[in-house]
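# Remarks on the overall topology
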Amino acid sequence: MGNRSSTPSSEPEGSSSGMYLTPELQGKINSDFEEKIIQTQWNSYRKAHMERYQQREVQNAQRQQELQQKQQQLQQQAKLVHDELDRLVDGAKSKLADLEVALEYDAQRLAEKFKDSEVSGGEKCVDVRAELSRCYNTLDSGECQVFARKLEKCVTEALA
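Residues numbered from 1 in each chain as written. Predicted model: local features only at pLDDT ≥ 70, side-chain atom pairs only at ≥ 80, totals over all residues. Heavy atoms only, no water.

## Re the overall build of the chain
Spelled out, the test is: Put simply, DSSP marks the helices as runs of H or I at least four residues long and the strands as runs of E at least two long, and each gets a number from the N terminus on. Relative accessibility under 20% of the residue-type maximum defines a buried residue, over 50% an exposed one, and the middle range a partly exposed one, all with a 1.4 Å probe and only protein chains included. Note on definitions: a residue-residue contact is assigned when non-hydrogen atoms from the two residues lie within 4.5 Å.
Across its full length, the chain holds 3 helices and 2 strands. Reading the helices (α) and strands (β) of the chain from amino to carboxyl end gives β-β-α-α-α. Taking all 160 residues of the chain together, 7% fall into the buried category. Contacts spanning at least 24 positions in sequence make up 24% of the contacts within the chain whose residues lie at least 6 apart.

## So, the pattern of salt bridges
Where we set the bar: Salt-bridge detection follows one rule: a side-chain nitrogen of Lys or Arg within 4 Å of a carboxyl oxygen of Asp or Glu.
For the coordinates displayed, the defined rule picks out 4 salt bridges. Residues aspartate 83 and lysine 79 are paired through a salt bridge, measuring 3.1 Å at the closest nitrogen-oxygen approach. Of the two residues, aspartate 83 and lysine 79 both sit in helix α1 (residues 23-115), 4 residues apart, roughly one turn of that helix. Relative accessible area serves as the criterion here: at 53%, lysine 79 is assigned to the exposed category. Two residues, arginine 87 and glutamate 84, come together in a salt bridge whose shortest N-O distance is 2.5 Å. Of this pair, arginine 87 and glutamate 84 both sit in helix α1, 3 residues apart, roughly one helical turn. Under the relative-accessibility criterion, glutamate 84 is labelled partly exposed at 35%.

## Digging into a nonpolar patch on the surface
As a reminder of what qualifies: Any residue with relative accessible area above 30% and no salt bridge may belong to a patch, with like charges joined within 9 Å and the nonpolar Val, Leu, Ile, Met, Phe, Trp and Tyr side chains within 5 Å. Values of accessible area rely on a 1.4 Å probe in the Shrake-Rupley scheme; residue burial ignores everything except the protein chains shown.
Together, Val81, Leu85 and Leu88 make up a nonpolar patch on the protein surface, roughly 270 Å² of accessible area in all. In this structure, leucine 85 sits in helix α1. Classification of leucine 85 by relative accessible area gives partly exposed; the value is 44%.

## Examining the nonpolar core
Operational definition: Only buried residues count toward a nonpolar core. Its members are Ala, Val, Leu, Ile, Met, Phe, Trp, Tyr and Cys residues joined through side-chain atoms within 4.5 Å.
Core analysis: the biggest nonpolar cluster contains 5 residues, these being Val128, Leu132, Cys135, Cys144 and Leu151. With 3 residues, helix α2 (residues 122-138) is the largest single contributor of residues to this core. Those residues in contact with cysteine 135, other than ones at most four positions away along the chain, are Glu143, Cys144 and Phe147.

## Re the confidence of the model for the chain
Put simply, the rule is: One number per residue, pLDDT, summarises how confident the predictor is, and it ranges from 0 to 100.
Here the chain averages 82 in pLDDT, while 79% of its residues score no lower than 70. Here strand β1 (residues 6-7) stands out as the least confident element of the chain, with mean pLDDT 49; α1 is the most confident, with 92. Segment residues 5-14: pLDDT under 50, and 16 contacts once partners within four positions in sequence are set aside and those in other chains are kept.

Below, the structure written as structure tokens:
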């Protein structure tokens, strides 16, 4: 009647009557149905893929932010450590400068004290010094303690 692709039923009388589709139309319907299923599956896959991609992007952004915060924390800690080290170095330099000044003052004072005085017994101490030197060159340093004490006593007596 109105549909060319359908044909009237030519089945035996005991069966139900109805419309039958031509094989071409049936193939087209099946093809359209399969395309619809494939398209639905493809859209589902694309949607899932995009969601995973967006999740990875969010995670990467979070990791990047965490790393940036960690880097800033480490830089702040490094700055604090460097500031403390700089303070300690400056303090040590200051103490060293103070010691240099004090040592120079003491050296000048001692030089002035002994400038005009003659050291008595200097020749006697030269002999003891030579004995100590020979001992260090030939014997064990532990055995030379006697000569070291002798030289110390000689110098103390000479300066007194």
